[in-house]
Amino acid sequence: MTPTTTIPQQPWMADPDLQAVFAALQGDGDPVPSVLCVGGCVRDVLMDRPVVDVDLATIHPPDITMARLAAAGIDVLEIGIEHGTVVARFGHKLFQITTLRVDVETDGRHAQVAYTDDWTADASRRDFTMNALYADLDGNVFDPLGGMADVEARRVRFIGDPHERIKEDALRILRFFRFHAQFDLLSYDADGLSACHAHFDLIANLSGERIREELFKILMSPAANRVVNEIEFLDLFLELFP
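Residues numbered from 1 in each chain as written. Predicted model: local features only at pLDDT ≥ 70, side-chain atom pairs only at ≥ 80, totals over all residues. Heavy atoms only, no water.

A few points about the pairing of strand β5 (residues 85-90)
Working step 1: Here strand β4 (residues 75-77) pairs with β5 via 3 bridges, running antiparallel. Bridge pairing links D75 to R89 in β5.
Working step 2: With 6 bridges joining them, β5 and strand β6 (residues 93-99) adopt antiparallel strand pairing. Its bridge partner lying in β6, V86 is registered against I97.
Working step 3: A loop of 2 residues connects β5 with β6, the two strands running antiparallel in sequence, and G91 in this loop sits at a positive phi of about 65°. (Pairing = 2+ DSSP bridges. Helix = DSSP H or I, 4+ residues; strand = E, 2+ residues; numbered from the N terminus.)

A look at the side chain of D150
Working step 1: Along the chain, D150 turns up in helix α5 (residues 147-153).
Working step 2: A residue is classified by how much of its surface remains accessible, and D150, at 1% relative accessible area, is buried.
Working step 3: Those residues in contact with D150 that lie beyond four places of it in its chain are T129, M130, R155 and R157. (Buried < 20%, exposed > 50% of the residue type's maximum accessible area, 1.4 Å probe, protein only. Contact = heavy atoms within 4.5 Å.)

Quick look at the structure:
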């Protein structure tokens, strides 16, 4: 995978704990890259937003990830291991590390996954293009699906067919609106908005806890007042609370 662009090295990239995780997972003879930062931390740097959490993706399956971290003297938590995720712990500091995955089967709430070493395949199963961005600790950014253009355009765009992405997990409807409230975005991607409206009924399949968590995030966002009063969101609200 070839870098698309380079960003200035961020202070969090120089974190010795994060560098220790990279050193443990990028071994001699491994493909390059074998581990990258992924998702929100890369997106937020590009959007000039503060980075709160740093998540990682790796080609190594969880058992090898855990063995390498343990060999490097890094505490490991098996939180989320059934989904391919383990956690490296440094005191109260946590780094989630997820093996590259592809969806084998989805039911609108949960997915059965298989591990892969294909970065583009992993990116293709994510929700929005702006979340399918990867970076190494030198600031090299990898963009297999064109997320950079959507970050620059301040556009929340589903990866591939938005109808399929929503059928895989209906919570993505709420996340679509949450990102507009969180990033104070003024316009909606027409295809994404149309797909959300077409599948509002699928939200009934989600647990109350997942819906509540996303609603709280929307209401706590900087542009919450504007978004929740827009007709696009009011239609969704009536679906949630008829």
